[in-house]
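Here is what each chain is made of, one letter per residue.
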Amino acid sequence: MARLTSRTITSDRLLLSRLEAQPPTVPVLDLQEYAVGTVCAAVPITAGSSVGCLALSLPVEHAHRLRQAADALNRNAAPVLLSMAI
């Protein structure tokens, strides 16, 4: 794995440990992980044995909207996944 930022996890063991500790239906929120000046949220989704996520990024000045946006993404993840499967 490549280090994208100083916070990027590059250890397989640490990544799997962190993912295992994360509740399966709770959005993951992060500040400035992928680009300086952004906030990010990812919602885990599964389809059979496949795992992925839906994610969004906002400018840091809209950080106060991230939780609400992540919650809406989480509520709508199943319909989005179903529409992608069709």
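Since we're looking at a predicted model, the values are computed, not measured.

Each value, and the rule that gives it
- Residues numbered from 1 in each chain as written.
- Predicted model: local features only at pLDDT ≥ 70, side-chain atom pairs only at ≥ 80, totals over all residues.
- Heavy atoms only, no water.
- Helix = DSSP H or I, 4+ residues; strand = E, 2+ residues; numbered from the N terminus.
- Contact = heavy atoms within 4.5 Å.
- Salt bridge = Lys/Arg side-chain N within 4 Å of Asp/Glu carboxyl O.
- Buried < 20%, exposed > 50% of the residue type's maximum accessible area, 1.4 Å probe, protein only.
- pLDDT = per-residue confidence, 0-100.
- Arc of directions from axis to C-beta.

Bringing the overall build of the chain into the picture now. Scanning the chain from terminus to terminus reveals 3 helices and 3 strands. For the chain, contacts bridging at least 24 residues in sequence account for 33% of all contacts bridging at least 6.

Right, let's talk about the pattern of salt bridges for a bit. By the definition in use, this model includes 1 salt bridge. Residue arginine 67 pairs with aspartate 71 through a salt bridge whose shortest N-O separation is 3.7 Å. Residue arginine 67 and its partner aspartate 71 are both found in helix H2 (residues 66–75); the two are separated by 4 residues, about one turn of the helix. Assessed through its relative accessible area of 29%, aspartate 71 is described here as partly exposed.

Moving on, we come to the confidence of the model for the chain. As a general rule, the predicted coordinates of low-pLDDT regions are not to be interpreted in detail. Averaged over every residue, the pLDDT of the chain is 76; residues scoring 70 or more account for 72%. At the level of individual helices and strands, the chain shows its lowest average pLDDT in strand E1 (residues 28–31), which scores 64, and its highest in H2, which scores 84.

This paragraph deals with the environment of alanine 77. Along the chain, alanine 77 falls in helix H3 (residues 77–85). Judged by its relative accessible area of 6%, alanine 77 falls in the buried class. Sequence spacing of alanine 77 and valine 43 is 34 residues, and the spatial spacing of their C-alpha atoms is 7.5 Å. Not counting residues within four places of it along the chain, the set of residues in contact with alanine 77 comprises Val43, Ile45 and Leu54.

Further remarks concern H2. Every buried residue of H2 is listed here: Leu66, Ala70 and Leu73. The buried residues of H2 occupy an angular sector of 60° when projected down its axis, which confines them to one face. Opposite the buried face of H2, at more than 90 degrees from it, the exposed residues are Gln68 and Arg75.

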